[in-house]
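In case you want the letters, here they are:
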Amino acid sequence: MAPVDGAVAAPGAGRASARRRPGGAAVGRLARLADRYLLLVYTGLAVIYLLLPVAVIILFSFNDPAGKSNFVWQGFTLKYWLNPLGVAGLGDAVWLSLALAFLSTIIATILGTLVALALVRYSFRGRGAANSLIFLPMATPEIVLGASLLTMFVSIGSPPFFPLNFFTILLAHIMFNISYVVVTVRARLAGFPRHLEEAAMDLFANEWQTFWKVTFPLILPGIIAAALLAFSLSIDDFVITNFTAGKTQTFPMFIYAKARIGIPVQVNVIGTLIFVIAVGSVAVTTLAQRRSRSG
Amino acid sequence: MGTLLKRHRWIAPYALLAPGILWLLVFYVYPAFQMFVASFWSGSLEKGFTFSLANYTNYTEAIDQFAPQYLRSIVYAGAATVLTFLIAYPLAYTIAFKGGRYKNVLLFLVVAPFFTSFLLRTISWKIILGDTGILLGPIKELGLLPEDFRLLATPIAVISGITYNFLPFMTLPVYVAVEKVDFRLVEAARDLYAGPWRPGGGIAGALVAGGLAAVLGIVFAWPWPILAAGAALIGGAVGWFLVSESFIRVTFPLSLPGVFAGSLLTFIPAIGDYVNAEFLGNPDTRMIGNVIQNKFLTQNDYPVASALSFTLMAAILVLVTVYARILGTEELTTTGRV
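Remember, it's a predicted structure, so these values are computed and weren't measured experimentally.

*Asks:* I'm lost on the overall build of chain B in this one. Help?
*Replies:* Helix and strand counts for chain B stand at 14 helices and 2 strands. Out of the 338 residues belonging to chain B, those deemed buried represent 51%. Considering only contacts in chain B between residues 6 or more positions apart, those separated by 24 or more positions represent 72%.

*Asks:* Before we go on, may I ask you to explain the overall build of chain A in this structure?
*Replies:* Broken down by element type, chain A carries 12 helices and 0 strands. When each of the 295 residues of chain A is scored for burial, the buried share is 40%. Look at the contacts in chain A between residues 6 or more apart in sequence, and 75% of them connect residues 24 or more apart.

*Asks:* In this structure, what is going on with the pairing of strand E1 (residues 41–44) of chain B? I would like to understand it.
*Replies:* Looking down a regular strand, the side chains alternate between one sheet face and the other. Residues and elements named next belong to chain B. As paired strands, E1 and strand E2 (residues 48–51) are joined by 4 bridges and run antiparallel to one another. When the sheet's bridge partners are listed, Gly 43 is paired in E2 with Phe 49. The turn linking E1 back onto E2 is made up of 3 residues.

*Asks:* In this structure, what is going on with the domain arrangement of chain A? I would like to understand it.
*Replies:* It is common to give the size of an interface as the accessible area that goes away when the parts come together. Here chain A is partitioned into domain 1 (18–75) and domain 2 (88–263). When each unit is reduced to the centre of its C-alpha atoms, the spacing between domain 1 of chain A and domain 2 of chain A is 35 Å.

*Asks:* I keep staring at the interface of chain A and chain B and nothing clicks. Help me out?
*Replies:* Counting residues at the interface gives 90 residues for chain A, matched by 85 residues for chain B. Broken down by element, the side of chain A that touches chain B gets its largest block of residues, 19 residues, from helix H2 (residues 25–59) of chain A. Along the lines of polarity and charge, the residues of the side of chain A that touches chain B split into 66 nonpolar, 15 polar and 9 charged.

*Asks:* Please clarify how the confidence of the model for chain A should be interpreted in this entry.
*Replies:* Detailed reading of the predicted coordinates is not advisable wherever pLDDT is low. Scored by pLDDT, chain A comes out at a mean of 85, with 86% of its residues at no less than 70. For the stretch residues 1–23 of chain A, pLDDT sits under 50, and the model shows 37 contacts to residues farther than four places along the chain or on other chains.

*Asks:* Hey, could you run me through the nonpolar core in this one?
*Replies:* Generally speaking, soluble globular proteins have nonpolar side chains that are buried together. In this structure, A:Val115, B:Ala92 and B:Leu308 are the most contacted members of the largest nonpolar core, which totals 154 residues. Residues in contact with A:Val115, not counting those within four places in the same chain, are A:Ile134, A:Val182, B:Leu16, B:Leu17, B:Gly20 and B:Ile21.

*Asks:* Would you explain helix H6 (residues 155–180) of chain B in this entry?
*Replies:* Residues lying three or four places apart along an α-helix face the same way, a consequence of the helix completing one turn every 3.6 residues. Here H6(B) spans 37 Å end to end across 26 residues, near enough to the 38 Å set by a 1.5 Å rise per residue. With 24 of 26 residues buried, H6(B) is to be regarded as a mostly interior element.

*Asks:* Just to check I follow, could you spell out unusual backbone geometry for this structure?
*Replies:* In this structure, A:Phe204 is a non-glycine residue whose phi angle is positive, near 70°. A count of 7 C-beta atoms within 10 Å places A:Phe204 in the exposed class. A positive phi angle, close to 65°, is found at B:Ala153, a residue other than glycine. With respect to the helices, strands and loops of the structure, B:Ala153 is situated in the loop between helix H5 (136–141) and H6.

*Asks:* How should the environment of B:Trp23 be read in this particular structure?
*Replies:* Structurally, B:Trp23 is set in helix H1 (residues 11–38). Sequence separation of B:Trp23 and B:Thr171 is 148 residues, and the distance between their C-alpha atoms is 31 Å. When sequence neighbours within four positions are dropped, the list of residues in contact with B:Trp23 reads A:Leu111, A:Ile174, A:Met175 and A:Ile178.

*Asks:* When you look at the confidence of the model for chain B in this model, what are you seeing that I'm missing?
*Replies:* All names here are of chain B. When pLDDT is averaged along chain B, the result is 83, and 80% of the positions lie at 70 or above. Long-range and interchain partners of residues 329–338, a stretch whose pLDDT sits below 50, account for 19 contacts in this model, where long-range means more than four residues apart. Scoring the predicted complex yields pTM 0.85 and, for the interface, ipTM 0.84.

*Asks:* It is not clear to me how the environment of A:Ala139 should be interpreted in this structure. Could you clarify?
*Replies:* Turning to its location among the elements, A:Ala139 is positioned in the loop between helix H5 (127–135) and helix H6 (142–155). The sequence separation of A:Ala139 and A:Arg291 amounts to 152 residues, and the corresponding C-alpha distance is 36 Å. Each residue touching A:Ala139, except ones within four places of it in the same chain, is listed here: B:Leu264 and B:Ile268.

*Asks:* I tried to follow helix H2 (residues 57–98) of chain B on my own but got confused; where do I start?
*Replies:* All names here are of chain B. Spanning 42 residues, H2 covers 57 Å between terminal C-alpha atoms, matching the ideal 62 Å at 1.5 Å per step. Phe 66 marks where H2 bends most, by close to 70°; the proline Pro 68 follows one to four residues later. Looking one or two residues past H2, Gly 100 carries a phi angle of roughly 55°, positive in sign.

*Asks:* Sorry if this is basic, but what is going on with the packing of helix H4 (residues 118–128) of chain B against H6(B) here?
*Replies:* To describe two helices that pack against each other, one gives the angle between their axes and the distance between the axes. Residue and element names in this part refer to chain B. One can describe the packing of H4 onto H6 by two numbers: an axis separation of 10 Å at closest approach and a directional angle of 140°. Put simply, H4 runs oblique to H6. Classified by chirality, the crossing of H6 by H4 is right-handed. Mapping the contact onto sequence places Phe 118, Arg 121, Thr 122 and Trp 125 in H4 and Ser 160, Gly 161, Tyr 164 and Asn 165 in H6. Here the residues of the contact of H4 with H6 are counted per class, giving 3 nonpolar, 4 polar and 1 charged.

*Asks:* Would you mind showing me how to read the packing of helix H11 (residues 251–259) of chain A against H4(B) here?
*Replies:* At a closest axis distance of 9 Å, the pairing of H11(A) and H4(B) adopts a crossing angle of 30°. As summarised for this structure, H11(A) and H4(B) are arranged roughly parallel, according to the angle between their axes. Where H11(A) approaches H4(B), its residues A:Pro252, A:Ile255, A:Tyr256 and A:Ala259 are matched on the opposing element by B:Leu119, B:Leu120 and B:Ile123. Taken together, the residues of the contact of H11(A) with H4(B) break down into 7 nonpolar, no polar and no charged.

*Asks:* Looking at this model, I keep getting lost on the environment of B:Ala315. Mind explaining?
*Replies:* Residues and elements named next belong to chain B. Examined against the element boundaries, Ala 315 turns out to sit in helix H13 (residues 302–327). A tally of 15 C-beta atoms within 10 Å means that Ala 315 is categorised as partly exposed. For the pair Ala 315 and Ile 74, spaced 241 residues apart in the sequence, the C-alpha separation amounts to 9.6 Å.

What counts, and where the lines are drawn
- Residues numbered from 1 in each chain as written.
- Chains lettered and ligands numbered in written order.
- Predicted model: local features only at pLDDT ≥ 70, side-chain atom pairs only at ≥ 80, totals over all residues.
- Helix = DSSP H or I, 4+ residues; strand = E, 2+ residues; numbered from the N terminus.
- Buried ≥ 20, exposed ≤ 12 C-beta atoms within 10 Å, placed from the backbone.
- Contact = placed C-beta atoms within 7 Å.
- Pairing = 2+ DSSP bridges.
- Domains from an automatic or database assignment.
- Nonpolar A, V, L, I, M, F, W, Y, C, P; charged D, E, K, R; others polar.
- pLDDT = per-residue confidence, 0-100.
- Core = buried A, V, L, I, M, F, W, Y, C linked by C-beta atoms within 7 Å.
- Expected span 1.5 Å × (residues − 1).
- Bend = angle between axes of the 7 residues up to and from the residue.
- Axes fitted to C-alpha atoms, helices over the stretch in contact; angles between N-to-C directions.
- Parallel < 35°, antiparallel > 145°, perpendicular 65-115°, else oblique.
- Left-handed = near helix turned anticlockwise from the far one by under 90°.

As structure tokens, this is what we get:
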């Protein structure tokens, strides 16, 4: 694949000869300007559009609302930042979400990485079926995933049925995370330099050593990316959780429950914190990878 | 050679697969089957459920009663998919071809909204689109819109919310596909007289953009046909200026697998969504997801709810198959990776 960078891609620059229409010089110049700047301006606007709601979330974490609802800007305050868990139930919900995200990420990342290794490394009977099975949960609407899990839990035993709690949410989160982990790690494995493993084996490393000293460090960035994705999917999941949680309340479910009566400002504080930490950890991993690549 | 088990080589892949695949069989395949079974139940949560094929009436009841919600879901999700395509394609194209060394930063900005809560983002739109919010407030102040004009609690708000929330699902696959386009092909097309500036390309571009803008106008400015016509005109003009023949004949066809994957990744979650309809809509914008959620979690009417969600799954399967026949690609499972 030929590298395409900005200089080559800007068709107007240095490629004026491509315009064959006589008399179109003025129009051509306009088109060239448009080509040059319009798309860039558009991209700027699109990014603003994408980040506008995030900015609103952050801004309203500093709001000092008059009543219960945090919809109208009233004035700047830091008091909710100084007391971010000062609402009944919020702290528990946040810890529960963190625990869920942590556990489901670890388990889904291990299971998904193994599946990805099998799918990329080996050709075997049933590979196509396995690929489809990985793809299907991502192509099923969340509400159908949640609803089918709920009917399964209800069908186990007669009334009062299978209890819905932290454990059932965890099973569900691992399920939807596996596919995303497989897809992410597989993308990394696809361009894997196999000859490095062969070199290690030629130098008398056994398979165990080869895996941990050569293969694993090379696919680690893919595994970390997959784990970050899984963590962010899990901590933010509402629909599937809502179907498998029973009375257990995660952070998104807390938001949903409060949405009717007015969302406490602390929710925005926590949302902002999650955003900052997530952006920070992605930035740190990216920089670390870049450094290790150049160093 | 790098194998984990030398003697029984054939076991290795299955051993690696087993835990993950088993998990999906137990918590994805079996529940889906169980939901199908549950759609033939009768009874209640308190007394227990009994299975009988005679309960196919669950399906007739579901479809008789909730056909409008199904239809609405398809229309909203379809409109949102067209809109995400319109917004995402130029964005993905610019990042891929003109991003230069800012490519990764721009891609990061595209996915950055995912790092905040989905529910909070949707509620943010409630603040932005509010009757005197940062969007409508100033316009009303200037007297450009009547005081009682609203966006919130209308189909427009619901479709905008869905469009916003699923925009990255379109942008990333389209980016991956556009990024793969070998720019030498575009140059070759230009050398063969496919001008960046030839009427053929301009007209095609104007038609495509104008047509899509008309869809946009109809969906978004339905009570004001003049606005719709204006949108079509502006779209046509933009298309005329920006869309070259080489784009229509080379870049765009080569990026179609990404458009295909992106539209599925947008349409499928959009059609089942109920959060946008709940926060940004009104009782008349209820989608099928709202009905399913309500039946399952408030009314505990599992049999009909199961029939509803199984019908939704079947409807998606049919729509996706038809769509795949029309656009035809075998790369579905591979181009969608992000």
